[in-house]
Amino acid sequence: MRNFQTLDAFKLNQESESLEFYANVNHSDHPLLALRREGLYVTISASYGPLELALRPRYEDLARTLSRLAVVEGLSTTRQVGTAQAYLALGLSSDDELLVRLTIVADAAGHFSLNMALTAQAKEALFDWLEVAKAH
């Protein structure tokens, strides 16, 4: 069973030119999801305490995938961006939360993932910041 950490607050960090999502309640581990545009790519860093997963998908792939998301009952994530070894799995919940699952695959024996959920308001901030056109 996947445990998604809800991130309900966000801010634009002017110094690093990144959009940061975090939990509004005070967590000792400080879960954080930060995105930054770098030319044709979007650098994504997800951290929880001292653990960090970082991915760098192409902007076009990420924007296209986000624009085509739809709620599918029974599935938490329905689309992926990246490769078979490192990918960002994305999905929409029935509450309009954006489910984000950053995964690094070690081999056929296992993988490491950080599971985060952006509230509807945080999701809209991400879509606006990335200039994602909604397909529906």
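Residues numbered from 1 in each chain as written. Predicted model: local features only at pLDDT ≥ 70, side-chain atom pairs only at ≥ 80, totals over all residues. Heavy atoms only, no water.

Trainee: It is not clear to me how the pairing of strand E4 (residues 32-38) should be interpreted in this structure. Could you clarify?
Mentor: Each regular strand shows side chains that alternate between the opposite faces of the sheet. Taken together, the five bridges between strand E3 (residues 18-22) and E4 define a ladder with antiparallel strand orientation. Residue pairing for E4: Leu-19 is matched across the bridge by Leu-35. The pairing of E4 with strand E5 (residues 41-48) spans seven bridges and is classified as antiparallel. Looking at E5, one finds that Leu-32 is bridged to Ser-47. Two successive antiparallel strands, E4 and E5, enclose a turn made up of two residues, where Gly-39 displays a positive phi of approximately 65°. (Pairing = 2+ DSSP bridges. Helix = DSSP H or I, 4+ residues; strand = E, 2+ residues; numbered from the N terminus.)

Trainee: What is the right way to look at the sheet that holds E5 in this model?
Mentor: Strand pairs in the sheet, formed through backbone hydrogen bonds, run parallel or antiparallel to each other. The strand order E2-E3-E4-E5-E6 describes an open sheet built from five strands, whose pairing is antiparallel. Each having just a single partner strand, strand E2 (9-13) and strand E6 (51-55) make up the two edges of the open sheet. Across the sheet, the mean angle from the axis of one strand to that of its neighbour is 15°, orientation sign disregarded. (Axes fitted to C-alpha atoms, helices over the stretch in contact; angles between N-to-C directions.)

Trainee: Sorry if this is basic, but what is going on with the pairing of strand E7 (residues 79-82) here?
Mentor: Relative to strand E8 (residues 86-92), E7 is paired through four bridges, and the arrangement is antiparallel. Pairing of Gly-82 across the sheet is with Tyr-87, part of E8. Between E7 and E8, which pair antiparallel and follow one another directly, the connecting turn spans three residues.

Trainee: Help me out: how do you make sense of helix H1 (residues 59-67) in this one?
Mentor: Since the α-helix advances by 3.6 residues per turn, residues separated by three or four positions end up pointing in the same direction. Taken as a whole, H1 has its buried residues at Tyr-59, Leu-62, Ala-63, Thr-65, Leu-66 and Ser-67. Contact partners of the buried residues in H1: E4, E5, E7, E8, strand E9 (98-107) and helix H2 (120-130). (Buried < 20%, exposed > 50% of the residue type's maximum accessible area, 1.4 Å probe, protein only. Contact = heavy atoms within 4.5 Å.)

It is worth stressing that arrangement in space is one thing and function is another; only the former is reported here.
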